[in-house]
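Secondary and tertiary structure notes
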Amino acid sequence: MSNNDITLVLGASGKTGRRIAARLRVRGIPVRAASRSSPTPFDWSDPGGWDAALRDVAAVYVVAPSVPGPVHEFVARAESAGVRRLVLLSGRGADTWGDSTFGLDVRSAEDAVRRSALEWTVLRPSNFAQNFDEGLSHAPLVAGELALPADTVPEPFIDIEDVADAAAAVLTEPGRHAGRIYELTGPRALTFGEAVELISRASGRPLTYRRISPDEYVGTLVAEGLGEGDARHVADLFVLMERGLLAATTDDLATVLGRAPRTFEEYVVRAAAAGAWRR
Ligand SMILES: NC(=O)c1ccc[n+]([C@@H]2O[C@H](COP(=O)([O-])OP(=O)(O)OC[C@H]3O[C@@H](n4cnc5c(N)ncnc54)[C@H](OP(=O)(O)O)[C@@H]3O)[C@@H](O)[C@H]2O)c1
């Protein structure tokens, strides 16, 4: 077993990973930032590099690969390397997705982590607020209109800063979160139309929202350059959300952090002030 205390952050160049790495570093925790383009090279399709990334590691933050499978072997390697704690980023209500083909990759990763003998915790956040300024919805908003296959079912958007705060807490509080699955949401649910209305107000721009069908959305995403399979994957999430099972808020973020989640209004004010939706 290793006596070292490095935290390996996978997906370290991504939206959650880079925020988590920064939080750990300011606390003085040794961080190994890993992904295909990060200082420590890590590729889910190249297990040959995994052992070097896992050396002297106490805890790992895992962002699942986009295909089901590799996390099982990764967990076995982590156990052999003396890792003590795993924290997996999953998605809201992953055990309610049922027969949907959405998230087979994430469900496989959950299965691997939850079967492991290590101390594990699963984080299942709702849709990130930052999808509106760092994700697929950003470019359409800058152009003036967002069109999605979502209508009246509200979504309890969570601020990624809260996801990162929760992950940093779980990674640094041994024992307290072992075997826990946290469903992380914002403090209230709002429709995509209401979200765009708030973004429009905060940015001072006339932005519109329009509901389209899942097939139309796939067409839009493919036209924007996404592969057909990835586009279908994203549209399937909206079909799942329309079932209404992911719409309620939870108290899990307060359970982890002892405070309420950030509001969507706080997010739009911050992002608008930073010029996120400027034309
Ligand atoms: N967006 C949402 O609303 C939402 C909500 C709940 C859960 N989630 C979950 O969040 C996850 C994405 O997390 P995120 O937003 O933090 O990441 P992200 O911004 O989508 O970035 C993906 C990260 O994974 C790395 N990566 C991509 N392919 C890789 C490969 N083959 N091997 C190793 N690393 C690879 C990328 O870095 P390199 O390119 O450098 O390799 C990057 O650091 C997904 O599993 C999604 O299901 C998202």
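Presented here is an overview of the structure given in this document.

Definitions and cut-offs
- Counting of residues starts from 1 at the beginning of each chain's written sequence and follows it residue by residue.
- The predicted nature of this model means local features are confined to residues of pLDDT at least 70 and side-chain atom pairs, given and counted, to a pLDDT of 80 or more, with totals for whole chains, interfaces and linings taken over all residues.
- Where helices and strands are cited, they refer to DSSP runs of H or I of at least four residues and of E of at least two residues respectively, numbered from the N terminus.
- Whether a residue is buried, exposed or partly exposed follows from its count of other C-beta atoms within 10 Å of its own C-beta, namely 20 or more, 12 or fewer, or something in between, respectively; the C-beta atoms are built from the backbone.
- Two strands are said to pair when DSSP picks up at least two bridges between them.
- With the strands pointing away from the viewer, any crossover whose connection runs clockwise from the first strand over the helix to the second is right-handed.
- A set of buried Ala, Val, Leu, Ile, Met, Phe, Trp, Tyr and Cys residues, joined to one another through C-beta atoms within 7 Å, is what we call a nonpolar core.
- Residues are scored as being in contact if the C-beta atoms we place from backbone atoms lie within 7 Å.

1. A short note on unusual backbone geometry
Backbone geometry places D56, a non-glycine residue, at a positive phi of 65 degrees. Mapped onto the elements of the fold, D56 is located in the loop between α2 (50-54) and β4 (57-63).

2. Thoughts on the pairing of β4
Counting buried positions along β4 gives 6 out of 7 residues, so the element sits mostly inside the fold. Sheet analysis places strand β1 (residues 6-10) next to β4, joined by 4 bridges and oriented parallel. Bridge pairing in β4 links L8 to V60. The sheet contact formed by β4 and strand β5 (residues 85-89) spans 5 bridges and is parallel. Looking across to β5, one finds that Y61 is bridged to V87. In the classification by handedness, the crossover that spans β4, the intervening helix α3 (residues 70-81) and the parallel β5 is right-handed.

3. A short note on the nonpolar core
Considering soluble globular proteins, one finds that nonpolar side chains tend to be buried as a cluster. Residues V62 and A167 are the most contacted members of the largest nonpolar core, which totals 82 residues. Leaving out residues up to four positions away in the same chain, V62 has contacts with L10, V71, L86, V87, L88, L89, A109 and V113.

4. A few points about the environment of S108
With respect to the helices, strands and loops of the structure, S108 is situated in helix α4 (residues 104-115). Look at S108 and you get partly exposed, because 18 C-beta atoms sit within 10 Å. Residues S108 and L24 lie 84 residues apart in sequence; the distance between their C-alpha atoms is 27 Å. Not counting residues up to four positions away in its chain, the partners in contact with S108 are P68, G69 and V71.

Limitation: the analysis is restricted to geometry and does not speak to function.
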